[in-house]
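# Notes for the structure review
What follows is each chain in one-letter form.
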Amino acid sequence: MKTYLSSSLILFFFVFSLKSNAQGNHVKINPIGFSNVIINDDFWKPKIDKVATKTLQACIYQTEEKTGRIRNFEKAARGKGEKHEGVFYDDSDVFKALEAMAYAIKTNGDNALEKKADEWIDKIAAAQQPDGYLNTYYILTGLQNRWQDMSMHEDYCGGHMIEAAVAYFNATGKRKFLDVAIRWADHFDSLFGPGKKDWVTGHQELELALVKLYKTTNNDRYLKLSDWLLSERGKGLGRGYTWTEWKDTGYVQDLVPVKEQKEITGHAVRAMYLYTGTADVAAYTGDQGYMKAMRTVWEDVVFRNMYITGGIGSAGSNEGFTKDFDLPNEQAYCETCASVGMVFWNQRMNNLTGNAEYIDVLERSLYNGALDGLSLSGDRFFYGNPLASNGKHARKEWFGTACCPSNIARLIASLGDFIYGYADNKIVVNLFVGSQTEFNTPTGKIKFHMQTNYPWSGDIKCSLSMKKNTKSAIAFRIPGWSRGIAAPGNLYSFRDPAKDQPALYINGKVIQYAFQDGYAVIEREWKNGDVIDFNIPMEINKISARNELEVNNERIAIQRGPLVYCVEGADNNGKAWNIISSLDAEYKTEDFNVLDENVVSIVANMPVLKISDDGLGATTTKQKVRAIPYYTWCNRGSNQMQVWLPLTFKDIKVNY
Ligand SMILES: [Zn+2]
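Residues numbered from 1 in each chain as written. Predicted model: local features only at pLDDT ≥ 70, side-chain atom pairs only at ≥ 80, totals over all residues. Heavy atoms only, no water.

Check the secondary structure of the protein chain and you find 16 helices and 23 strands. Its C-alpha atoms give the protein chain a radius of gyration of 25 Å, near enough to 26 Å, the size a compact globule of 656 residues would have. Counting all 656 residues of the protein chain, 61% fall into the buried class. Sequence separation of at least 24 residues holds for 70% of the intrachain contacts in the protein chain that already meet a minimum separation of 6. (Helix = DSSP H or I, 4+ residues; strand = E, 2+ residues; numbered from the N terminus. Rg over C-alpha atoms; globule rule 2.2 N^0.38 Å. Buried < 20%, exposed > 50% of the residue type's maximum accessible area, 1.4 Å probe, protein only. Contact = heavy atoms within 4.5 Å.)

Here it is, written out as structure tokens:
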């Protein structure tokens, strides 16, 4: 109780201190921050707890003991002359882990974790140079070389430091780290900007971080600096190894100015962070040039370059995009960080436009492409998230380039950021997660309590409590998949026709509602104890891909609710590439456990190809085939897996 009270006080302090410009003047929806949302959900709460314990412990162990990431700061504080360990961008992993730690500390009040964070922050602060510069690679290898090569991630590491410092300040109220970040940002601002030197960020991230710093400090220099960084792109100003190596490929999204960009190119994570930062700037400036470009690029991503899992960036060679509809399954790169970036960007697009179609995409990436990046045990990770495996993929303890573990950790730890929004006396429910929050409407406070067993069941029940009757609108997102829209633009489409919108009930009585931008909107005077409930039908949907997506011709994928399914050898006699699905196969749900994860699995009798012992002939037999949610695969060792199931023999790979 004591912890709860003190964190509530902190929470109110920040709500009021930041109220003046909390979200930007040009947004249609203001997200409710995670610190104002209490999650008690059966699906997400155990995952949030696992991140706070297992995942962050893994990050701390790897960052501090197994690798030299923290030691680099200790050495940098002592001055030059000692050897830098690891890669030049490794500082960023320390900052991302710190950001995730901040969210976990805010949610769970973990003293040991806070002590560890303070210890790291002391080491980071001690390494900062008198002029505000901070980057262990250049401090240890020669400061005379700093700010020369725009590809060397000095700006990227600085951006992650700002994000972590803002999160830690908001979580604990402690200023030390924030002041370090401010000194760094002021140092950057003293060198670069209008009338000063040019700079094109080599790995975008600083843009969105500067907007966070602006929101926290109210100093609009940081917003202007972010806007200026966006305006530097596409003018041929980029210098450094990525510009030389990846010339003319759009690898760093620097071929044309941001406002003129029409298609998605290059490195997927860089692109996601760029457009997230662009959306953040547009939220304050209302710049229509940015808005128009982002919508066009978004359509290019979602209509032609996104996997059914919400994963993006199909190629490993550039960790990014290739040509339209080039989405191989087994070779899919689909970096965990890129799906995390999709969550960030799509939330911003929803906030700017008020349209739920962006949350449909966010939900797809969150429950599939991103969540797959973390093992059920919480301490093993995927860097890439393929849609088929011949058994050679394995989850790893860590990576040489370790961006993904702390990225999925900070996303899950801040899940509360993505559930609710509010604007113009309208409560917006974007995701279905058992939780509580509170809205300050012009006529009074409404306490909002959502109960659900989503994504396993589509039953949603929301209860309201308030002191006096309050007039307000509530908008519930009705997911596109429940209306026969697999993805806007139909790169993927349902085999079944579109469904009706669900009926909504207030206190047991069905009510009329307006359907607007993907939301069911109810506007009325609410009274204490009102209960709204509805059911989003969780049917098993067979999904097909557009003809242009050739690798998936004559194949189907299975989706139930927001979850994409896969077949894995572990449940199917060790094999997954010998299964032939059919459009009329009768799929049924069956409760199942993947290790300690209770899931709804999908079973059907399907033909399975069997090669004769001499390898010359083949027969088929019908077998009970089980499909599991994609995010749970490869938790029982390496084995075969497939998302897109063939409908004919010709597509069967016999070399399994
Ligand atoms: Zn990554």
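Right, let's get into the coordination of the zinc ion. Ideal geometry at a metal centre gives angles of 109.5 degrees when four donors are arranged tetrahedrally and 90 or 180 degrees when six donors are arranged octahedrally. Every protein donor of the zinc ion is listed here as Glu335 (OE), Cys337 (SG), Cys403 (SG) and Cys404 (SG), and their distances to the metal cover 2.1 to 2.3 Å. Coordination at the zinc ion is tetrahedral: its four donor atoms span angles of 94 to 119° at the metal. Read N to C, the donor residues that coordinate the zinc ion are spaced as E-x1-C-x65-C-C. With Glu335 in the loop between α13 (288-304) and α14 (336-353) and Cys404 in helix α16 (residues 403-413), the pair connects residues that are 69 residues apart, well separated along the chain. Accessibility assignment for this pair places Glu335 and Cys404 in one class, buried. (Donors = N, O, S within 2.8 Å, 3.2 Å for Na, K, Ca; no water. Tetrahedral: all angles 85-135°; square planar, octahedral: opposite > 155°, others 65-115°.)

Time to look at the packing of aromatic side chains. Taken as a whole and judged by the stated rule, the model has 37 aromatic pairs. By way of ring pairs, the aromatic residues Phe43, Trp44, Tyr367, Phe432, Tyr454, Trp456, Phe476, Phe534 and Tyr631 are connected into one cluster. One residue, Arg175, lies across the ring of Phe169, its end atom 5.7 Å from the ring centre. (Phe/Tyr/Trp six-rings, centres within 6.5 Å; stacked < 30°, edge-to-face > 60°. Lys NZ or Arg CZ within 6 Å of the ring centre and 35° of its normal.)

In this section: the sheet that holds strand β1 (residues 30-31). Read across the sheet, six strands follow the order β1-β4-β5-β9-β14-β13 without closing on themselves; strand pairing throughout is mixed. In this open sheet, the two edge strands, each paired with only one partner strand, are β1 and β13 (514-516). As paired strands, strand β4 (residues 420-423) and strand β5 (residues 426-429) are joined by four bridges and run antiparallel to one another. Bridging across to β5, Ala423 finds its partner in Lys426. (Pairing = 2+ DSSP bridges.)

Now for unusual backbone geometry. Here the residue pair Tyr454 and Pro455 is connected by a cis peptide bond, since its omega of 5° sits within 30 degrees of zero. With respect to the secondary-structure elements, Pro455 resides in the loop between β7 (444-452) and β8 (459-465). The backbone of Asp517 sits at a positive phi, close to 50°, despite the residue not being glycine. Here Leu595, not a glycine, exhibits a phi torsion of approximately 50°, which is positive.

Attention now moves to the sheet that holds strand β6 (residues 435-441). The antiparallel open sheet is built from seven strands, whose spatial order is β2-β6-β7-β8-β15-β11-β12. In the strand order of this sheet, the two ends are held by β2 (38-39) and β12 (509-511), each with one partner. Inspection of the sheet shows β6 paired to β7 by seven bridges, in the antiparallel sense. From the neighbouring strand, Thr441 faces β7, where its bridge partner is Gly444.

Next up on the list: the environment of Phe192. The residue Phe192 is located in the loop between α8 (176-191) and α9 (206-217) in this model. Setting aside residues up to four positions removed in sequence, Phe192 forms contacts with Trp147, Lys197, Asp198, Trp199, Leu225 and Trp228.

On average, residues of the protein chain carry a pLDDT of 93, and 95% of them reach 70 or more. In the predicted structure, residues 1-22 sits below a pLDDT of 50 and forms 22 contacts with residues beyond four places in sequence or in another chain. (pLDDT = per-residue confidence, 0-100.)

Looking at where Asp41 falls in the secondary structure, it is placed in the loop between β2 and α2 (45-66). By relative accessible area, Asp41 is classed as buried at 2%. Spatially, the C-alpha atoms of Asp41 and Asp517 are 27 Å apart, while their sequence positions differ by 476 residues. The residues touching Asp41, leaving out its near neighbours within four places in the chain, are Pro46, Val433, Gly434, Thr452 and Tyr454. A polar contact is formed between the side chain of Asp41 and the backbone nitrogen of Gly434, at a distance of 2.6 Å. (Polar contact = N/O pair within 3.5 Å; in protein donor to acceptor, adjacent residues only side chain to side chain.)

Interaxial distance between helix α7 (residues 154-172) and α8 falls to 8 Å at its minimum, and their mutual angle equals 145°. The two elements α7 and α8 meet at a crossing, and its hand is left-handed. Each of Glu154, Asp155, Gly158, Met161, Ile162, Ala164, Ala165, Val166, Tyr168 and Phe169 in α7 lies in contact with α8, whose residues at this interface are Phe177, Leu178, Val180, Ala181, Trp184 and Ala185. By residue class, the composition of the contact of α7 with α8 is 13 nonpolar, one polar and two charged. (Axes fitted to C-alpha atoms, helices over the stretch in contact; angles between N-to-C directions. Left-handed = near helix turned anticlockwise from the far one by under 90°. Nonpolar A, V, L, I, M, F, W, Y, C, P; charged D, E, K, R; others polar.)

Every second residue of strand β15 (residues 531-535) is oriented toward a common face, the buried set being Ile532 and Phe534 and the non-buried set Val531, Asp533 and Asn535. Two elements, β8 and β15, share five bridges in a ladder whose sense is antiparallel. Directly across from Asp459, in β15, lies its bridge partner Asn535. Relative to β15, strand β11 (residues 504-506) runs antiparallel, the two sharing three bridges. Paired with Leu504 across the bridge in β15 is Phe534.

One way to put it is that helix α3 (residues 69-78) packs onto helix α4 (residues 91-108) with a least axis distance of 8 Å and a crossing angle of 110°. When the axes of α3 and α4 are compared, the pair comes out roughly perpendicular. Of α4, the residues touching α3 (which contributes Arg69, Ile70 and Phe73) are Asp91, Asp93, Val94 and Phe95. Taken together, the residues that form the contact of α3 with α4 break down as four nonpolar, no polar and three charged. (Parallel < 35°, antiparallel > 145°, perpendicular 65-115°, else oblique.)

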